[in-house]
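Letter by letter, the chains look like this.
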Amino acid sequence: MKKMTINGIVAQVEDHWTVLEACRFYGIDVPTLCHHDGLSPGGICRLCVVEIGKGERTKLVTSCNYPVEAGLVVRTHSERVIRDRKMLVELLLARCPSSKTLQDLAAKLGVQRVRFKVKDEKCILCGLCVRMCDEQMGAKAIGFAGRGKERRVTPPFDIKSEVCRNCGACMYICPVCQLRCQGPEPPSVVCGACLNVEPVCLQDNDDVMCYLDSCGWCYKVKKGVEK
Amino acid sequence: MNRRKIKSLQDLENLRQEILVKRDPQKTRVSICAGTGCLALGARKVITSFKEELKKQGLEDTVEIRETGCPGFCEKGTIVVIYPEGIYYLQVQPGDVPEIVEKTLVEKKIAERLLYTDPVTNEKAIHEDEIPFYKNQMRLLIGDNIKIDPKNIEDYIALGGYSALAKVLSKMSPGEVIEEVKRANLRGRGGGGFPAGRKWETTRNAPGEPKYVIVNCDEGDPGAFMDRALMEGNPHSVIEGLIIGAYAIGSHEGFIYVREEYPLAVENTSIALEQAREYGLLGRDIMGSGFDFDVTIFRGAGAFVSGESSALMSSLEGKVGAPQPKYVHTSVKGLWNKPTNLNNVETWANVPLIINKGADWFTSIGTEGSKGAKIFSLVGKVNNTGLVEVPMGITLREIIYNIGGGVLANKKFKAVQTGGPSGGCIPESFIDTAVDFDELTKLGSMMGSGGMIVMDEDTCMVDVAKYFIDFLVDESCGRCVPCREGLERMSEILTDICEGRGTEGDIELLEELSEVMKDTSMCGLGRTAPNPVLTTIHYFREEYDAHIKEKKCPAHVCKALIEYYIDGEKCTGCLACLKACPEGAISGDKEKVHVITMEKCNRCGICYETCKFDAVIIK
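Notes on the overall build of chain B
Here's step 1: Across its full length, chain B holds 25 helices and 19 strands.
Here's step 2: Relative to the globule expectation of 25 Å for 619 residues, the C-alpha radius of gyration of chain B, 27 Å, shows essentially globular dimensions.
Here's step 3: Taken along its principal axes, the extent of the C-alpha atoms in chain B is 85 × 65 × 40 Å.
Here's step 4: Pairs at least 24 apart in sequence give 70% of the contacts found in chain B among residues at least 6 apart.
Here's step 5: Carbon and sulfur atoms make up 49% of the accessible area of chain B, which totals about 23900 Å².
Here's step 6: A distance of 3 Å separates the average location of the 73 positive side-chain charges in chain B from that of its 90 negative side-chain charges.

Overview of the pattern of salt bridges
Residue and element names in this part refer to chain A.
Here's step 1: In the structure shown here, the tally under the stated rule is 57 salt bridges over all chains.
Here's step 2: In this structure, the salt-bridge partner of Lys108 is Asp29, at a minimum N-O distance of 3.0 Å. Separated by 79 residues along the polypeptide, Lys108 in helix 3 (residues 100–109) and Asp29 in the loop between helix 1 (19–25) and strand 3 (49–52) bring together distant segments of the chain.
Here's step 3: Given the relative accessible area of 22%, Asp29 is considered partly exposed.

Some details on the interface of chain B and chain A
How big an interface is tends to be expressed through the accessible area that disappears when the partners come together.
Here's step 1: Each partner contributes residues to the interface: chain B has 32 residues there, and chain A has 31 residues.
Here's step 2: Carbon and sulfur atoms supply 55% of the area buried between chain B and chain A, which totals about 2900 Å² over both sides.
Here's step 3: On the chain B side of the contact with chain A, Tyr327(B), Arg489(B) and Asp519(B) bury the most area, a combined 24% of that side's loss.
Here's step 4: In this structure, Lys119(A) engages Glu488(B) in a salt bridge whose closest nitrogen and oxygen atoms are separated by 3.0 Å.
Here's step 5: Our count for the contact surface shared by chain B and chain A stands at 18 residue pairs in polar contact (both at pLDDT 80 or more).
Here's step 6: For the side of chain B that touches chain A, the secondary structure elements donating two or more residues are helix 18 (461–475), helix 19 (481–498) and helix 20 (506–520) of chain B.
Here's step 7: Counting residues per element, the side of chain B that touches chain A draws most heavily on helix 19 of chain B, which supplies 10 residues.
Here's step 8: For the side of chain B that touches chain A, the residue count by class is 13 nonpolar, 6 polar and 13 charged.

Some thoughts on the domain arrangement of chain B
All names here are of chain B.
Here's step 1: When cut into domains, chain B gives domain 1 (9–147), domain 2 (161–363), domain 3 (373–456), domain 4 (461–550) and domain 5 (563–618).
Here's step 2: Look at where the C-alpha atoms of domain 3 and domain 4 centre, and you get two points 22 Å apart.
Here's step 3: Listed by partner, the interface residues are 17 residues for domain 3 and 14 residues for domain 4.
Here's step 4: Buried surface at the junction of domain 3 and domain 4, summed over both partners, amounts to about 1200 Å²; 69% is from carbon and sulfur atoms.
Here's step 5: Of all residues in domain 3, Lys414, Pro421 and Cys425 give up the largest surface area on contact with domain 4, accounting jointly for 43% of the area buried on that side.
Here's step 6: Inspection of the region where domain 3 meets domain 4 yields 1 salt bridge.
Here's step 7: Between Glu543 and Lys414 there is a salt bridge whose closest N-O contact spans 2.6 Å.
Here's step 8: Linking domain 3 with domain 4 are 5 residue pairs in polar contact (both at pLDDT 80 or more).
Here's step 9: Secondary-structure elements contributing two or more residues to the side of domain 3 that touches domain 4 are strand 13 (413–418), strand 14 (424–427) and strand 15 (451–456).
Here's step 10: The class makeup of the residues in the side of domain 3 that touches domain 4 is 9 nonpolar, 7 polar and 1 charged.

Conventions and cut-offs
- Residues numbered from 1 in each chain as written.
- Chains lettered and ligands numbered in written order.
- Predicted model: local features only at pLDDT ≥ 70, side-chain atom pairs only at ≥ 80, totals over all residues.
- Heavy atoms only, no water.
- Helix = DSSP H or I, 4+ residues; strand = E, 2+ residues; numbered from the N terminus.
- Rg over C-alpha atoms; globule rule 2.2 N^0.38 Å.
- Contact = heavy atoms within 4.5 Å.
- Areas by Shrake-Rupley, 256 points an atom, 1.4 Å probe, with all protein chains shown as cover.
- Lys, Arg positive; Asp, Glu negative; His and termini not counted.
- Charge placed at Lys NZ, Arg CZ, Asp CG, Glu CD.
- Salt bridge = Lys/Arg side-chain N within 4 Å of Asp/Glu carboxyl O.
- Buried < 20%, exposed > 50% of the residue type's maximum accessible area, 1.4 Å probe, protein only.
- Buried area = accessible area lost by both parts, 1.4 Å probe.
- Polar contact = N/O pair within 3.5 Å; in protein donor to acceptor, adjacent residues only side chain to side chain.
- Nonpolar A, V, L, I, M, F, W, Y, C, P; charged D, E, K, R; others polar.
- Domains from an automatic or database assignment.

This is the structure we're talking about:
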């Protein structure tokens, strides 16, 4: 067991955990799109970034693949983290506005506008399907091809793979397959955001105090733990 | 060829003496640069002409021709140096060869025409140390290139090569070697500037066997070619450094990762490795010390991002050369999850120097935080393009004016871009900044691997930022969201600005996006990618404003924002521009004022260049 600090809470964590596992064990919600407990960490969507370190020398790391360390100081909802997550969601939403998951995430994080030209891609290239097919199904029927903006998920040589068993695991795990609800308003880039709650605590604090799911700040304030 | 294996320090010294005795120092020797730059300018024909001409004159036995590596003054290739006098001929064409042979080799006179001429004073310089380009440098690493035939190990040994390795193997323990390199504070020349000694120590102490050492020669920054010059011109210096490092770290297997686009580097290095093996400097029981080590060359498959350490190792493992999402240093878990030490070509080449001359000598050069000398490739709008090696701490002004000879065509200096696509643009107000790792970082740029692109007043800084971002859009591996999506969006916004569609708030959005990319990208490429945008916004914000608010490009570069006019008072009606215009956009008659039809004009600028009366104006 190791001792570390998450949002001011002293946390006892297992040696082999990642920071994300530690956060989730303590009930702190860290958003992810490319993570699944049964698969190796992807580190692709970068939404799970957390701020580590103290004082001036802090940096952002992805919690899904950052191993826990004794004495590590983690902040899961600092102002910097929230700003970055919002931008990442904005970028993804501009790419793939039809996804329910992304719209919900945008609503939850308070992303209310998209400042980029809107595309209509169906895939966010999180790679969950590729890892699922490889690691759980043992098929490796799909993979990535192309580089940069040409990157895409495809079977080898873009022809139907002989090893694909049509098991559907790739579709099951896809985070953006589900289409958004159209809501009472006509379709726009950002949906009606019925789930949206503005984080008011950010006005007075550097960290979010409550964000629908608990971030742990209420606990901290109640116990009077110092920042 | 001598196939005797070197078994000890004494053996090496004996061999060196034998080589020196065999060679008459007074024998006339013609060194001809056969580096990629000079070869492109026709060095191969110059070499052939020399051989033919010597044959004609019957001088084959008395004159030796040596095909060497790049001495750096690429602007003035092909470079030919006549020894023992050291007469430096520049821009030699095959047609000049008979004159050189006749005048210099036979009559022992100097062919003045081919010497360096100072553009201001018109004075001629005969020797290397009289040419301003060389005079102001500190050529520790590339200085030997013109004296060495990279395909002949004897040239390197004759100059004292492999003596550092002999010293290390016979007198020093691995710990002492690491201590010496740490004391020298040798920082990685590939870009990051991480202390090499500390990296070596981490790899040495990391659990796991075998350990690997790698030379990173995946140089990909636009306009940078210092690693190529070293690898092509003096491969043994890199190999010697690598063997010393391997001994210090406890590694028995090394790799040289050379990008596919450097075939000559691969060729010369392969020959060098083969020769080193023949002399017992690689393989089993090196120099009779019991230390085994060998090196394999690996040709990179052509991705810029493969220069990143985890991507390079992935590529070496036979996978796609893309960065790995890991928070474990490659010095602990690298190639095949074993401790791996990766250093840049130039870093390795510095090691023999440090061992031979000592850490105290090395730390006497440079600034507080950055020691030794660094090779830069000076390119862009500067008179003397080429490789310059200078002590750390020299100012940008000294590099650009004293060595580079100032800005091309007497234009006004505007900015210098350092550090490749990950670096930033430094404006004229900071031209007296000392060049070292920390100072450049403070300005928002970085040392990088040593690219230095000089820009003059005709450069549009928004266009420059767009150029680098577009380069990175192509080169991003596309794995993580901020780099893939962020770069594409940045390129979109910059294109809009350059084409007159910029809106208020674009600059702020670029800044916000930059911060997020710096924070959250997976590897160094994405984390440093916004630097060109951030520095140009920081130092040249008024240019962005002019593009966005006034829809004007102050440097007259962005085609959508400029228009060509003909000044009726200056136009003589000579028809020159009318005939030159590829679009037929200019109308007019002889001796009558011409007019440009804007709808047809494609802003190619040919009329502007054609007009002898300065009657064409850009607005």
